[in-house]
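# Structure at a glance
Here's the letter readout for the chains.
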Amino acid sequence: MPSVWAAILALRAKQESGTAHRASPSTGTGRALFLFLPLHGILGKGSFLMLRETLTAYQRRDPAARSKLEIFLLYAGVHATIYHRIAHWLYRRKLRFLARCISQWSRFWTGIEIHPGATIGRRLVIDHGTGIVVGETTVIGDHVKLYQGVTLGALSPRHGHAVTGKRHPTVGDNATIYSGASILGGKTVIGANSVIGGN
């Protein structure tokens, strides 16, 4: 089977030459290409390294993952992460409305809601992913694994007063958070190498 990089470049070349049907964002292949090409435009060559690291992390941490090509085309967690990288880039440049549009589009397609303001490290693995919510001021370290239904959220305001500053938790490097766990509040810190059980 050809490498994921060769497959991406070959399909892109066919589309540009008009010898292949234009990819549609409603298909797995089309959605993956529509995701990766803007990311490549934003991050340049760094996007290849970041994507390669992510795909390798999925292969190592998900026994069901058979190839990088399969992961890239079919895994909603990868798509949600790529959408987030684009949305976060826009968010940091004060293009907040456009960033939220992308994050909501991602939620619609993947079932995973990540606020564009959230800071996510490298090699995040999202297993299954449906129902995951990550709030605006969440910080996630490197090599973290999240299972479906995890909430990294904020506490309700006290006495009707708005909460400012850091409202969402921090997750350290190499942490694993199992399905259904709700971790709330800006003062909550999940230490490096921690394992959080699900509900």
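Residues numbered from 1 in each chain as written. Predicted model: local features only at pLDDT ≥ 70, side-chain atom pairs only at ≥ 80, totals over all residues. Heavy atoms only, no water.

## Quick word on the nonpolar core
Core analysis: the largest hydrophobic core is formed by 40 residues, its most contacted members being Val-78, Ile-140, Leu-146, Leu-152 and Ile-177. Elements that contribute at least two residues to this core include exactly helix H3 (46-61), helix H4 (68-74), helix H5 (76-92), helix H6 (96-110) and strand E3 (125-127). Ranked by residue count, the leading element in this core is H5, at eight residues. When residues no more than four places from it in sequence are discounted, the contact partners of Ile-177 are Lys-145, Leu-146, Tyr-147, Val-150, Leu-152, Val-171, Ile-183 and Ile-196. (Core = buried A, V, L, I, M, F, W, Y, C linked by side-chain atoms within 4.5 Å. Buried < 20%, exposed > 50% of the residue type's maximum accessible area, 1.4 Å probe, protein only. Helix = DSSP H or I, 4+ residues; strand = E, 2+ residues; numbered from the N terminus. Contact = heavy atoms within 4.5 Å.)

## Considerations on the pattern of salt bridges
Close approach of charged atoms allows side chains with opposite charge to pair. Under the criterion given, the structure shown has six salt bridges. In this structure, the salt-bridge partner of Arg-66 is Glu-70, at a minimum N-O distance of 4.0 Å. Arg-66 gets classed as exposed once you look at its relative accessible area, which sits at 69%. With a shortest N-O distance of 2.8 Å, Glu-136 and Arg-167 are connected by a salt bridge. Of the two residues, Glu-136 is situated in the loop between strand E4 (133-134) and strand E5 (139-140) and Arg-167 in the loop between strand E7 (151-153) and strand E8 (170-171); the sequence distance between them amounts to 31 residues. Take Glu-136: its relative accessible area is 22%, and that puts it in the partly exposed class. Relative accessible area serves as the criterion here: at 23%, Arg-167 is assigned to the partly exposed category. Salt bridges sharing common partners tie together Glu-53, Arg-122 and Arg-123. (Salt bridge = Lys/Arg side-chain N within 4 Å of Asp/Glu carboxyl O.)

## What to know about the sheet that holds E3
What links the strands of a sheet is backbone hydrogen bonding, and the strands pair in either a parallel or an antiparallel sense. The strand order across the open sheet formed by four strands is E3-E6-E9-E12, and the pairing between neighbours is parallel. With one partner strand each, in any of the chains shown, E3 and strand E12 (195-196) form the two edges of the open sheet. One ladder, built from two bridges, connects strand E9 (residues 176-177) with E12; its direction is parallel. If you follow Ile-177 over to E12, its bridge partner there is Ile-196. (Pairing = 2+ DSSP bridges.)

## Considerations on the confidence of the model for the chain
Low-confidence regions, as indicated by low pLDDT, have predicted coordinates that should not be scrutinised in detail. Across the chain, pLDDT averages 83, with 76% of residues at or above 70. Across residues 20-26 the pLDDT falls below 50, and counting only partners more than four positions away or on other chains, this stretch makes 17 contacts in the model. (pLDDT = per-residue confidence, 0-100.)

## Comments concerning the side chain of Thr-137
Here Thr-137 shows up in the loop between E4 and E5. At a separation of 2.7 Å, a polar atom in the side chain of Thr-137 contacts the side chain of His-168. Beyond its immediate stretch of four places on either side in the chain, Thr-137 contacts Gly-165, Lys-166, Arg-167, His-168 and Pro-169. (Polar contact = N/O pair within 3.5 Å; in protein donor to acceptor, adjacent residues only side chain to side chain.)

## Let's talk about the sheet that holds E5
Taking strand neighbours across the sheet as the criterion, the four strands line up as E2-E5-E8-E11 in an open arrangement whose pairing is parallel. Looking along the sheet, the strands with just one partner apiece sit at the ends: strand E2 (119-120) and strand E11 (189-190).

## Examining the side chain of Thr-54
Mapped onto the secondary structure, Thr-54 falls in helix H3. If we skip the residues at most four places from it in the chain, Thr-54 touches Val-78, Arg-123 and Leu-124.

## Quick look at the packing of aromatic side chains
A complete count under the given rule lists five aromatic pairs for this structure. Centroid distance Tyr-58 to Tyr-75: 5.8 Å. Interplanar angle 90 degrees. Geometry classified as edge-to-face. Separated by 17 residues along the polypeptide, Tyr-58 in helix H3 and Tyr-75 in the loop between H4 and H5 bring together distant segments of the chain. There is no split in this pair, since Tyr-58 and Tyr-75 are both buried. On the basis of an interplanar angle of 65 degrees and a centroid distance of 5.6 Å, the ring pair of Trp-105 and Trp-109 is categorised as edge-to-face. With Trp-105 and Trp-109 both in helix H6, this residue pair falls four residues apart, about one helical turn. For Trp-105, a relative accessible area of 40% puts it in the partly exposed group. By relative accessible area, which is 26% here, Trp-109 ends up partly exposed. Through successive ring pairs, a cluster of aromatic residues spans Trp-105, Phe-108 and Trp-109. Geometry around Tyr-91 places Arg-96 over its ring, the cationic atom sitting 3.9 Å from the centre. (Phe/Tyr/Trp six-rings, centres within 6.5 Å; stacked < 30°, edge-to-face > 60°. Lys NZ or Arg CZ within 6 Å of the ring centre and 35° of its normal.)

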